Amino acid sequence: CQAGAEGCGCLYPSTLNDFDSFWTAWSFMISAQYLEVGPFGGQRLLITVFVLSGLTILAIVISIITESFAYMVTELNTGRTKVIEKNHVVILGWNSSTPSVVAYLAA
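Residues numbered from 1 in each chain as written. Predicted model: local features only at pLDDT ≥ 70, side-chain atom pairs only at ≥ 80, totals over all residues. Heavy atoms only, no water.

Engineer: Honestly, the overall build of the protein in this entry has me stumped. Any pointers?
Structural biologist: Secondary structure summary: the protein contains 4 helices and 0 strands in total. In the protein, the order of α-helices and β-strands from amino to carboxyl end is α-α-α-α. Counting only residues that meet the buried cut, the protein has 10% of its 107 residues in that class. Expressed as a percentage of contacts within the protein between residues at least 6 apart in sequence, the contacts between residues at least 24 apart total 17%. On the protein, roughly 9,100 Å² of surface is accessible, and the fraction owed to carbon and sulfur atoms is 65%. (Helix = DSSP H or I, 4+ residues; strand = E, 2+ residues; numbered from the N terminus. Buried < 20%, exposed > 50% of the residue type's maximum accessible area, 1.4 Å probe, protein only. Contact = heavy atoms within 4.5 Å. Areas by Shrake-Rupley, 256 points an atom, 1.4 Å probe, with all protein chains shown as cover.)

Next up, the structure:
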């Protein structure tokens, strides 16, 4: 059976468009279904390596995103972020004298 031949039952024809090629690669990385019906011998080992590599890469990307988000939230909570605004007043802590301070600043 030649790759892409009609009716030969090839699992991976060479006439796949870009989306089908991406889908096949994605299926390899997230599923072990091809180990059941797909290639044999060394190809199964290669597919297993692809699946594990895909899961590892996905885990690394998710951990990087999570760590970046956690760092950003920590920076916001500690108050060490830069304030880009100019010519403004920030009043921290509201109490009974705040309205008179605001009235003074507005005048």
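Engineer: Mind showing me how you'd approach the confidence of the model for the protein here?
Structural biologist: As a general rule, the predicted coordinates of low-pLDDT regions are not to be interpreted in detail. Across the protein, pLDDT averages 76, with 71% of residues at or above 70. Helix 2 (residues 33–37) is the least confidently modelled element of the protein, averaging 58 in pLDDT, while helix 4 (residues 98–106) averages 90, the highest of any element. Here residues 1–9 scores under 50 on pLDDT; set against residues more than four positions off or in separate chains, the count is 10 contacts. (pLDDT = per-residue confidence, 0-100.)

Engineer: Before we go on, may I ask you to explain the environment of Ala25 in this structure?
Structural biologist: When you line up the elements, Ala25 lands in helix 1 (residues 18–30). Sequence separation between Ala25 and Ile47 is 22 residues; the distance between their C-alpha atoms is 9.9 Å.

Engineer: Teacher, can you tell me more about unusual backbone geometry here?
Structural biologist: Negative phi is the rule for most residues except glycine; trans is the rule for most peptide bonds. Here Asn87, not a glycine, exhibits a phi torsion of approximately 55°, which is positive. Position of Asn87 among the secondary structure elements: in the loop between helix 3 (42–78) and helix 4. According to the relative accessible area criterion, Asn87 is exposed, its value standing at 84%.

Engineer: Honestly, the side chain of Glu75 in this entry has me stumped. Any pointers?
Structural biologist: Mapped onto the elements, Glu75 comes out in helix 3. The buried category is assigned to Glu75, whose relative accessible area is 17%. Non-local contacts of Glu75, meaning those with residues more than four positions away in its chain, are made with Arg80 and Thr81.

Engineer: Looking at this structure, I do not really get a nonpolar patch on the surface. What am I missing?
Structural biologist: A surface patch of nonpolar side chains, amounting to about 570 Å² of accessible area, comprises Val89, Ile91, Val101, Val102, Tyr104 and Leu105. Structurally, Val102 can be placed in helix 4. (Patch = residues over 30% accessible without salt bridge, like charges linked within 9 Å, V, L, I, M, F, W, Y side chains within 5 Å. Salt bridge = Lys/Arg side-chain N within 4 Å of Asp/Glu carboxyl O.)

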